[in-house]
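# A structural walkthrough
Single-letter residue listing:
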Amino acid sequence: MGKQLVGGRRSLWALGAALALALGAADARTYTVQAGDTLYAVARRVGTSVETLQRLNSLSGAALRPGQVLQLPAAPGAGQATAPQVTAAPPAARAAAIPAVAAPLPGSPRPDPAQVTGPRAWTAAPPATVVSFIGWALTDLGLPVGDEAPIRTYLPGLSFSYQTYNNCGPSALSSVLGFYRVKIGQDVIQRTARPGGGYMQISAIAPELSKFGLNTLTVRQARLSQVKRLLALGIPVIVLQWFERTGQVPHFRVVRGYDDQAGLVWVSDSMVGPLAYMSYRSFDVLWNTQGRQMFPVYPKGYDALVRRLVGHS
């Protein structure tokens, strides 16, 4: 009798396992990525969140490629009937899935696009859109991510201190290191980044970051669209520009956000303050005559992704 019970339990367990596998197969839903899809648009179409898709598919970012198969969460009531097959929406439907342009944030600055000026200090920080510290973990704000950058992005968590003489480079490095929770002052960085005085050379950036498990690329003739994509994925960017006027003073500053609706770039500037803004035109003019050089700062191991984002072979 005991043996029969044990055998019966084993049979029931096997039957239960088979049913679970069968129901799991029925519950499983997938979606094949089409050209032009974004993670946000797919999540909206199938009724889930960006974070859920990232978790189910072990995605550290939001980049998708055509033909990629995404695992989707089980439909409500799954197991009672076969889950519906998810099919690709036509291009018009994909475009409609992306929300309309958001309204301007109350209290945002409105720089004059006709003037070229240096950054202007601001006090009210916009809402953060990327988790501080390691980046790469997007918050779900109902904004498209991936190939289309969100309409606005802002990175919190940077360190800040006003620079000492000729120390904009070490100060910028100290600021981005703070984003990755490395607390180190500009005076310490200065000892090795510019030991002979004068301005910090570009060649000093990568060795200083490497000490803390971070990396960078030197990108010349960069575009603002590339900066936006990096920021949207939680990657702060150091740029080399003129301070206020072309030909005046070369200056490193950290780009920490942008707002398409207001037409501005948010920067952390060691001469102005931790939160300052520049119009798109001012940013471009002061950047263009310095070769449009930028230095994204990211954890080691993400070189291939960052190179792909900026088209850097």
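So, a few notes on the structure that sits alongside this text. (Residues numbered from 1 in each chain as written. Predicted model: local features only at pLDDT ≥ 70, side-chain atom pairs only at ≥ 80, totals over all residues. Heavy atoms only, no water.)

## Considering the packing of helix α8 (residues 224-232) against helix α9 (residues 280-288)
- Running from N to C, α8 and α9 cross one another at 110 degrees; their axes reach a closest spacing of 12 Å. Here α9 runs roughly perpendicular to α8, going by the angle between their axes. Of the residues in α9, those touching α8 at Leu 224, Val 227 and Lys 228 are Tyr 280, Phe 283 and Trp 287.
- Its residues placed into classes, the contact of α8 with α9 shows 5 nonpolar, no polar and 1 charged. (Axes fitted to C-alpha atoms, helices over the stretch in contact; angles between N-to-C directions. Helix = DSSP H or I, 4+ residues; strand = E, 2+ residues; numbered from the N terminus. Parallel < 35°, antiparallel > 145°, perpendicular 65-115°, else oblique. Contact = heavy atoms within 4.5 Å. Nonpolar A, V, L, I, M, F, W, Y, C, P; charged D, E, K, R; others polar.)

## Concerning helix α5 (residues 168-179)
- For α5, spanning 12 residues, the distance from its first C-alpha to its last is 17 Å, which sits close to the expected 16 Å at 1.5 Å a residue.
- Among the 12 residues in α5, 12 count as buried, and that is most of the element.
- Within the sequence span of α5, burial applies to Cys 168, Gly 169, Pro 170, Ser 171, Ala 172, Leu 173, Ser 174, Ser 175, Val 176, Leu 177, Gly 178 and Phe 179.
- Within two residues after α5, Arg 181 carries a phi angle of roughly 60 degrees, on the positive side. (Expected span 1.5 Å × (residues − 1). Buried < 20%, exposed > 50% of the residue type's maximum accessible area, 1.4 Å probe, protein only.)

## Some thoughts on the pattern of salt bridges
- Counted according to the given criterion, the structure contains 5 salt bridges.
- The closest approach of N and O atoms between Arg 152 and Asp 259, which form a salt bridge, is 3.2 Å. Of this pair, Arg 152 sits in strand β4 (residues 152-154) while Asp 259 sits in strand β7 (residues 250-259), and the two are 107 residues apart along the sequence.
- We note a salt bridge from Asp 284 to Arg 292, for which the minimum N-O separation is 2.4 Å.
- What makes Arg 292 buried here is its relative accessible area of 16%. (Salt bridge = Lys/Arg side-chain N within 4 Å of Asp/Glu carboxyl O.)

## A few points about the side chain of Asp 259
- Asp 259 gets classed as buried once you look at its relative accessible area, which sits at 3%.
- Within the structure, the side chain of Asp 259 is placed 3.2 Å from the backbone nitrogen of Ala 262, a separation counted as a polar contact. (Polar contact = N/O pair within 3.5 Å; in protein donor to acceptor, adjacent residues only side chain to side chain.)

## Examining the nonpolar core
- Of all hydrophobic cores here, the largest spans 67 residues; its most connected members are Ile 238, Phe 252, Val 255 and Met 294.
- Of all the elements, α5 adds the most residues to this core, at 6 residues.
- Two domains share this core, each providing at least three of its residues, namely domain 1 (30-72) and domain 2 (120-310).
- Not counting residues within four places of it along the chain, the set of residues in contact with Phe 252 comprises Cys 168, Gly 169, Ala 172, Met 200, Ile 202, Ile 205, Ile 238, Val 239, Leu 240 and Phe 295.
- Counting residues in hydrophobic clusters, the runner-up holds 6 residues, among them Tyr 154, Leu 264, Leu 275 and Tyr 277. (Core = buried A, V, L, I, M, F, W, Y, C linked by side-chain atoms within 4.5 Å. Domains from an automatic or database assignment.)

## A word on the pairing of strand β8 (residues 264-269)
- Within β8, 6 of the 6 residues are buried, leaving the element largely enclosed by the surrounding structure.
- Residues Leu 264, Trp 266 and Ser 268 of β8 are buried on one face, and the alternating residues Val 265, Val 267 and Asp 269, pointing to the opposite face, are buried as well.
- Connecting β7 to the next strand, β8, in antiparallel fashion are 4 residues, including Gly 263 with a positive phi near 70 degrees.
- As defined by bridge partners, β8 adjoins strand β9 (residues 273-279) across 5 bridges and the pair is classed as antiparallel. Each bridged residue has a counterpart across the sheet, and for Val 265 the counterpart in β9 is Met 278.
- The turn linking β8 back onto β9 is made up of 3 residues. (Pairing = 2+ DSSP bridges.)

## Structural notes on the packing of aromatic side chains
- Taken as a whole and assessed by the stated rule, the structure comprises 7 aromatic pairs.
- Here the aromatic rings of Phe 160 and Tyr 162 are separated by 4.8 Å at their centres, their planes lie at 85 degrees, and the arrangement is edge-to-face.
- Judged by its relative accessible area of 29%, Phe 160 is partly exposed.
- Between Phe 179 and Tyr 180, the ring centres sit 5.1 Å apart and the planes meet at 90 degrees, which makes this aromatic pair edge-to-face. Considered together, Phe 179 and Tyr 180 belong to a single accessibility category, that of buried residues. (Phe/Tyr/Trp six-rings, centres within 6.5 Å; stacked < 30°, edge-to-face > 60°.)

## Overview of the environment of Val 46
- Topologically, Val 46 is positioned in helix α2 (residues 39-46).
- Overall, the relative accessible area of 15% leaves Val 46 in the buried class.
- Through-space distance from the C-alpha of Val 46 to that of Pro 73 is 9.0 Å; in sequence the pair is 27 residues apart.

Nothing here speaks to function; it is geometry throughout.
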